[in-house]
Amino acid sequence: MKMPEPDAATIARRGEIAADLRGILPAGSVIADEPRRRVYESDGLTAYRQPPLVVALPGNTAEVSAVLRYCHREGIKIVPRGAGTSLSGGALPLADGITLGLGKLNRILDIDYANRCVVAQAGVTNLAITKAVEGEGFYYAPDPSSQIACTIGGNVAENSGGVHCLKYGLTTNNVLGVEVVLMDGEVVRLGGKHFDAGGYDLLGVLTGSEGLLGVVTEVTVRILPRPTQVKAMMIGFPSSEQAGDCVAAVIAAGIIPAGMEMMDRPAIHAAEAFVHAGYPLDVEALLIVELDGPEVEIDDLVTRIDRIAATCGAATCQISRTDAERLAFWAGRKAAFPAVGRISPDYYCMDGTIPRGRLPEVLHRMKDLSAKYDLKVANVFHAGDGNLHPLILYDANKPGELHRAESFGNDILLACVEVGGVLTGEHGVGVEKRDLMPAMFTDTDLDHQMRLKCAFDPGQLLNPGKVFPQLRRCAELGRMHIHGGAMPFPDLPRF
């Protein structure tokens, strides 16, 4: 996967650039020596590595603004980075670019229970927001598996989800406002503590933009009161196809669980060996269904889902009796990724989304692809919203296995698009899916997307080489057009 060619002249200026940055940032906030730069050479997509030119670690919005203003003036590329948990290479550094680490922006600035929101700097971890408000009976709903480490700024960049996104939505459904620094260093605010804003949905544009449009430094999220009751069901099936049928049938019946996750046999066995959650080991697929709300409603839904599962051929069904037992059901699912790491030297985590009704078909195709590439796959799904996370098992020390794993993954994603799905549900495009974008979008589609990029970053200095399979100069694309008329990009609200 080819990234932009390093600019030799810029690399030769490493010492000069580092010295300039030390004039902007406090002592110890600039990393230029080779051993410490290697700490930042990859994100969660560890198959791709590239030490950055220099690492800058600002401690507040003003310092972020000063660094971007300097890069804009000098024409230096810059890659924003949160906790580095991206699984699509979204924070992969550039040899001739600065990596902007936001880990020091780690303070919660305001907890407003009256308006049910929290204002946090971009480097605050996802789980820390819930921890900060749980004493008053509140929580932050989006909960990616990496929530203990991933940051809220990164969640905004990738529009992250989690096991509860089926009922409570992705990041975009839970963010009320952001403070963002544009490439020229200007600081703007979008949204706020109010539910919605008039005019263009610029907040929606920024959420999921993968660091291509601006650097988010502060986020306002809505928090929710804890449900009065919560129960989980653990349902085992003789086949993955039957489990897929059950998922489709539950949603078709008008039931929207708080979460609905699926694991296949390899993932079940790996997770059980890792956390001892009490999973049945004689089934081919396991559904974990969580229901929340008033107890009378939960009991009714449990009965209905139990009947649907039996109709689909369920072999086992266990209902949590205590909250500790419910959390044990989830412990294995939350630990599925590290658990699979115990049974394979390496694994390649995919992320595609399909219509729920096509789940059995896609599972069958994955079995065929597994045989074709002679590589095993463990499946962990956000089954309720059709978001697939196949984990392709391989050994990078064996010649050709990484290449086969990539080809296997590409074929899975192409299958997702073929059945009416999309390339990504929450991990983003990054570099991993960049060259597959033409399978989903026409050249005209991609040009319009790039025009939006150019409206924010005409010099294409922010995270270049990600998302778009081929960069075109902004001058070639011209101005954005709507209904045949030229549309200059609107003024942004200034901070």
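Everything that follows concerns the structure shown earlier in this document.
In this text the structure is predicted, and so the values were computed from the model without any measurement. (Residues numbered from 1 in each chain as written. Predicted model: local features only at pLDDT ≥ 70, side-chain atom pairs only at ≥ 80, totals over all residues. Heavy atoms only, no water.)

Quick look at the nonpolar core now. By size, the foremost hydrophobic cluster in this structure holds 86 residues, and its most contacted members are Met-262, Leu-287 and Ile-392. Leu-25, Val-67, Leu-68 and Val-215 belong to the second-largest nonpolar core, a separate cluster that totals 26 residues. (Core = buried A, V, L, I, M, F, W, Y, C linked by side-chain atoms within 4.5 Å. Buried < 20%, exposed > 50% of the residue type's maximum accessible area, 1.4 Å probe, protein only.)

On to the sheet that holds strand β6 (residues 117–121). Pairing in this open sheet of 5 strands is antiparallel, and the strands run β5-β6-β10-β8-β9 from one edge to the other. The two strands at the open ends of the sheet, each matched to only one other strand, are β5 (108–112) and β9 (187–191). The mean angle between the axes of side-by-side strands here comes to 10 degrees, regardless of whether they run parallel or antiparallel. In this structure, β5 lies alongside β6, joined through 4 bridges in antiparallel fashion. Considered in β6, the bridge of Asp-110 is made with Val-119. Across the sheet, helix α4 (residues 61–74) touches β8 (175–181), β9 and β10 (215–222), and the angle it forms with β8 is around 50 degrees. Against the sheet, helix α5 (residues 126–133) contacts β5, β6 and β10, and its axis sits at roughly 45 degrees relative to β5. (Pairing = 2+ DSSP bridges. Helix = DSSP H or I, 4+ residues; strand = E, 2+ residues; numbered from the N terminus. Axes fitted to C-alpha atoms, helices over the stretch in contact; angles between N-to-C directions. Contact = heavy atoms within 4.5 Å.)

Attention now moves to unusual backbone geometry. In this structure, Asn-159 takes a positive phi of about 50 degrees despite not being glycine. The topology assignment puts Asn-159 in the loop between α6 (152–158) and α7 (165–168). The exposure class assigned to Asn-159 is buried, which follows from its relative accessible area of 16%.

Burial of strand β13 (residues 259–264) is extensive: 6 of the 6 residues sit out of reach of the surface. Neither face of β13 is open: one carries Gly-259, Glu-261 and Met-263, the other Met-260, Met-262 and Asp-264, and all of them are buried. Bridge analysis of β13 against strand β18 (residues 377–382) gives 2 bridges, and the strand direction is antiparallel. Looking at the pairing, Met-263 lines up with Val-380 of β18.

Here the focus is the packing of helix α9 (residues 240–252) against helix α14 (residues 359–373). Orientation of α9 relative to α14, taken along the N-to-C sense of each, is 155 degrees, at an axis distance of 8 Å. With respect to α14, the element α9 is oriented roughly antiparallel. By crossing handedness, the relation of α9 to α14 is classed as right-handed. Between α9, through Ser-240, Glu-241, Gly-244 and Asp-245, and α14, the contact on the second element is made entirely by Leu-359, Pro-360, Leu-363, His-364 and Lys-367. A class-by-class count of the residues in the contact of α9 with α14 yields 3 nonpolar, 3 polar and 3 charged. (Parallel < 35°, antiparallel > 145°, perpendicular 65-115°, else oblique. Left-handed = near helix turned anticlockwise from the far one by under 90°. Nonpolar A, V, L, I, M, F, W, Y, C, P; charged D, E, K, R; others polar.)

Any two side chains of opposite charge can pair, so long as their charged atoms come close to each other. As enumerated under the stated definition, the model contains 30 salt bridges in all. For Glu-41, the salt bridge goes to Arg-38, with nearest N and O atoms at 2.7 Å. Note on Glu-41: relative accessible area 13%, which makes it buried. Salt-bridge contacts for Asp-351 lead to Lys-433; the nearest nitrogen and oxygen are separated by 3.7 Å. Taken together, the residues span a long stretch of sequence, with Asp-351 in the loop between β16 (346–349) and β17 (352–353) and Lys-433 in the loop between α15 (401–418) and α16 (443–456) at a distance of 82 residues. Each member of the pair, Asp-351 as well as Lys-433, carries the same accessibility label: buried. Connected via shared salt-bridge partners are Arg-13, Glu-16, Arg-73 and Glu-74. (Salt bridge = Lys/Arg side-chain N within 4 Å of Asp/Glu carboxyl O.)

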